[in-house]
Amino acid sequence: MQPCFNLEKLWINMNSIVISLKKDIQYFLVTVIVLIVFTSCGESNQPTDRQFKGFSVPLNFPQPTYNFAKNPVTEAGFLLGKKLFYDEILSLDGTIACATCHIQTSAFTQHGHDLSHGINDLLTLRNTPPVQNMAWKRFFMLDGGVLDLDLFAINPITAHNEMGETMANVLEKLRNHKDYPSLFDKAFGSKDINTERLLKALSQFQLMCVSADSKYDKVKRNEGASFTSDEQAGYTLFLQKCESCHKEPLFTNEAFTNNGIPIVNPEDKGRASITLNPKDEYRFIIPSLRNVAETAPYMHTGKFRTLSDVLDHYSSGMIDHPTLDSSFRIPNGLGIPLTSEEKRVLTLFLHTLTDQNFMKNPLLAQ
Amino acid sequence: MIRLFIFFALSILVLSCSSNVTDPTPDSSKKGSLLVVFENKFGSEEFELLKRFTLNDSITVVTEDFKYYVSNIVLNNSNGSQYVLPKETSYFLINQAQIITQSINLQYIPEGDYSSISFILGIDSAKSVSPVGERIGVLDVAGEAKSMYWTWNSGYIFFALEGMYTTPRLINNSFKYHIGGFGGYNAPNLNNIKTITVPFGSSVLKIREGNKPHVHISADISTLFKGDEAISIEANPTVMFSPYSVNVANKYATMFQFGKIMD
């Protein structure tokens, strides 16, 4: 109701101004207004174009952690990586691609699935995390077992419950494929297809999956957007209650923490399975909250269906455990106290982290 | 004191002179080569896959897979100096299923008289975190390292031994030892990197241009299950990335013995 009314008022105001002007100026003004409306519409609805512009660091982001000197992102390398990411050839029976579980329109997660289905309908151990802003990550996997993006893809390719293949077989299939040898040639200067090239091409695509164009980013970069007063209230609360872990601008400090969610699979000890330190039991990496409104269900278990479930968890659902983060131990209980009004504005703020330009970017689409 | 020193210096001179009588003086600017032969054994028997070996009165084992990495090879000269093989040419995977992998060829070694060999059983920590482009040959996860790599915890398996064991109560139970752990990337973690030195006893490894001696080193698998801190195959049939793996690594560090040198 409210915005409609305002618009009407604006239109009436403008009309009265327009009428009071001479005819030629009138035409001129109308054209300008139409043009402005047209171009701004185009900007907000039309995702960035298909043109490859290389990797660049968004103004409000820190320097990436990925070593680009070892694997410079080129258009040919990126396009090869993209083709591989979307190609079921990486799986044993040709049914599963990376993109089966990492779907662009949900920030490269599998929206709606607590766990994902790999080959032979086997379930993954954990909820599928987004593939976004990989260039800034130091740890991969929710327990941080992998430290180099280039080494990551061996996991899904060879995991019996994801793609079930062997690296050697994948390389062989690619070598015998009608297109791949020449695509490797374009990307790396010869038709050789080996482990290094396969992994580096996949990295090049994933490195380009940068999400930095949400409303939040536009506010931060002073690109003409501003928070509503509710969003601003939510942001202020976020800075007080959440930002110590979900640190700006990537919305994670990449620490491993137990945030008190119910243990679904006691065998999955999280960080402790890597460090073998009992203090790390049931600790998982703090996830980024970018595009969080689009990546439900939540947590490594995928047992939280909505953001409101998550906030209820923080305010009143936390389960005690010896490794629960000490910041959640408060005088009369556990968690982060939040009123329903606070939850409402926090949710509105979390929605400002949604980046449609990223999820609809044709450059990243199949 | 000075007298003692002179005496020592003289005796060294005499000793080295005496060996010079039979061999030309090693000229470290010249290079020779060497073949190191790993002879896997089970007790006093030659080891074979799929063959049943008797561990003790009640347990027999049949091994299906036996592999280990040997890297960072160093030759210790009897004069106290060392020759460190160039790192990049110093990674080997000894695979019981492929006889050719059990002899490793070392080249461009400075002439000298060497008294022992040292190596890492496994992969050093720097290599364990190296970029994918430096993981070639036996370190290529699409190739020979295929079953010697933990994808979920980026790291090489240093030592793999698996198969079946039989006791009076249980027939053909599987056992599996996959031991690795390079010490952690940015926080200390499980470290099973073992540097092993095999002294040649009274034998001398003479590296000379144009000669290729063979050094035989035996690796007795039964060592794991015998003696102090023996691994009980019944109590711990499966050991992988876990604190207990340290015990297995401590045992395999003692399984190498000098055999012989053939000039």
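Residues numbered from 1 in each chain as written. Chains lettered and ligands numbered in written order. Predicted model: local features only at pLDDT ≥ 70, side-chain atom pairs only at ≥ 80, totals over all residues. Heavy atoms only, no water.

A separate point is the side chain of Asn161 of chain A. Residues and elements named next belong to chain A. Here Asn161 lies in the loop between α6 (154-158) and α7 (167-175). Residue class for Asn161 comes out buried when judged on its relative accessible area of 13%. A polar side-chain atom of Asn161 sits 3.0 Å from the main-chain carbonyl oxygen of Leu123. Dropping the residues within four chain positions of it, Asn161 is found in contact with Gly118, Ile119, Leu122, Leu123, Thr124 and Leu125. (Helix = DSSP H or I, 4+ residues; strand = E, 2+ residues; numbered from the N terminus. Buried < 20%, exposed > 50% of the residue type's maximum accessible area, 1.4 Å probe, protein only. Polar contact = N/O pair within 3.5 Å; in protein donor to acceptor, adjacent residues only side chain to side chain. Contact = heavy atoms within 4.5 Å.)

Residue and element names in this part refer to chain A. Interhelical geometry of helix α3 (residues 75-85) versus helix α8 (residues 180-188) gives an angle of 145° and a closest axis separation of 7 Å. α3 and α8 meet at a crossing whose hand is left-handed. Only Tyr180, Leu183, Phe184, Lys186, Ala187 and Phe188 of α8 make contact with α3, whose side of the interface consists of Ala76, Gly77, Leu80, Lys83 and Leu84. Partitioning the contact of α3 with α8 into residue classes produces eight nonpolar, one polar and two charged. (Axes fitted to C-alpha atoms, helices over the stretch in contact; angles between N-to-C directions. Left-handed = near helix turned anticlockwise from the far one by under 90°. Nonpolar A, V, L, I, M, F, W, Y, C, P; charged D, E, K, R; others polar.)

Okay, the nonpolar core next. Membership of the largest hydrophobic core comes to 124 residues, with the highest contact counts inside it found for Tyr68, Phe159 and Phe256 of chain B. Sequence-distant contacts of Phe256 of chain B, defined by excluding residues within four places in its chain, comprise Phe38, Tyr68, Phe119, Leu121, Ile196, Val198, Ile217, Ser218 and Ala219 of chain B. Judged by nonpolar contacts, the second largest core, of 30 residues, contains Phe238, Ile261, Leu307 and Leu324 of chain A. (Core = buried A, V, L, I, M, F, W, Y, C linked by side-chain atoms within 4.5 Å.)

Let us look at the side chain of Asn60 of chain A. Residues and elements named next belong to chain A. Structurally, Asn60 can be placed in the loop between α2 (23-45) and α3. Asn60 gets classed as buried once you look at its relative accessible area, which sits at 19%. Polar contacts involving the side chain of Asn60 include one to the side chain of Arg221, which spans 3.0 Å. Not counting residues up to four positions away in its chain, the partners in contact with Asn60 are Tyr216, Asp217, Lys220, Arg221, Pro249 and Arg290.

The next point concerns unusual backbone geometry. Residues and elements named next belong to chain A. A cis amide bond, omega -5°, links Glu248 with the succeeding residue Pro249. Relative to the assigned elements, Pro249 resides in the loop between α11 (229-241) and β1 (256-257). Notably, Phe108 is not glycine yet its phi reads approximately 60°, a positive angle. Within the fold, Phe108 resides in the loop between α4 (98-101) and α5 (149-152).

Residues and elements named next belong to chain B. All chains considered together, the criterion is met by 44 aromatic pairs over all chains. Considering the side-chain rings of Trp150 and Phe241, the 5.5 Å spacing of their centres and the 75° angle between planes classify their relative orientation as edge-to-face. Here Phe241 lies in the loop between β15 (238-239) and α3 (245-252) and Trp150 lies in strand β9 (residues 149-150), a separation of 91 residues in the sequence. We note that Trp150, like Phe241, is buried. (Phe/Tyr/Trp six-rings, centres within 6.5 Å; stacked < 30°, edge-to-face > 60°.)

Moving on, we come to the interface of chain A and chain B. Residue-level contacts link 23 residues of chain A with 20 residues of chain B. Viewed at the interface, chain B and chain A are joined by zero salt bridges. Taken together, the links from chain A to chain B amount to five residue pairs in polar contact (both at pLDDT 80 or more). Within the residue set of the side of chain A that touches chain B, elements represented by two or more residues are α5, α6, α7, α9 (195-207) and α12 (272-275) of chain A. Among the elements that line the side of chain A that touches chain B, the one with the most residues is α9 of chain A, at four residues. (Salt bridge = Lys/Arg side-chain N within 4 Å of Asp/Glu carboxyl O.)

All names here are of chain A. When you line up the elements, Arg271 lands in the loop between β1 and α12. We classify Arg271 as buried; its relative accessible area is 9%. In sequence terms Arg271 and Met141 are 130 residues apart; their C-alpha atoms lie 9.7 Å from each other. Not counting residues within four places of it along the chain, the set of residues in contact with Arg271 comprises Phe139, Asp143, Gly144, Gly145, Phe256, Asp280 and Arg283. From its side chain, Arg271 meets the backbone oxygen of Asp143 in a polar contact 2.7 Å long.

This brings us to the confidence of the model for chain B. Residues and elements named next belong to chain B. In the predicted model, chain B carries a mean pLDDT of 90, and 91% of its residues have values of at least 70. Contacts from residues 9-21, a stretch scored under 50 in pLDDT, to residues over four places away or in other chains number one contact. We note a pTM of 0.86 for the whole complex and an ipTM of 0.82 for its interfaces. (pLDDT = per-residue confidence, 0-100.)

To continue, consider the state of the cysteines. Residues and elements named next belong to chain A. Summed over the entire model, instances satisfying the criterion amount to zero disulfides over all chains. The closest cysteine sulfur to the non-disulfide-bonded Cys98 is located on Cys101, 8.8 Å from its own sulfur. Sulfur of Cys245: no disulfide; nearest cysteine sulfur belongs to Cys242 and is 8.8 Å away. For Cys245, a relative accessible area of 18% corresponds to the buried category. (Disulfide = S-S within 2.5 Å.)

All names here are of chain B. Extensive coverage of strand β11 (residues 173-180) is indicated by the burial of six of its eight residues. As judged from the eight bridges shared by strand β10 (residues 155-166) and β11, these two strands associate in the antiparallel manner. Residue Met164 lies in a different strand from β11, and its bridge partner there is Ser174. Counted between consecutive antiparallel strands, the loop separating β10 from β11 contains six residues, among which Asn172 sits at a positive phi close to 50°. As defined by bridge partners, β11 adjoins β15 across two bridges and the pair is classed as parallel. Residue Tyr177 lies in a different strand from β15, and its bridge partner there is Val239. (Pairing = 2+ DSSP bridges.)

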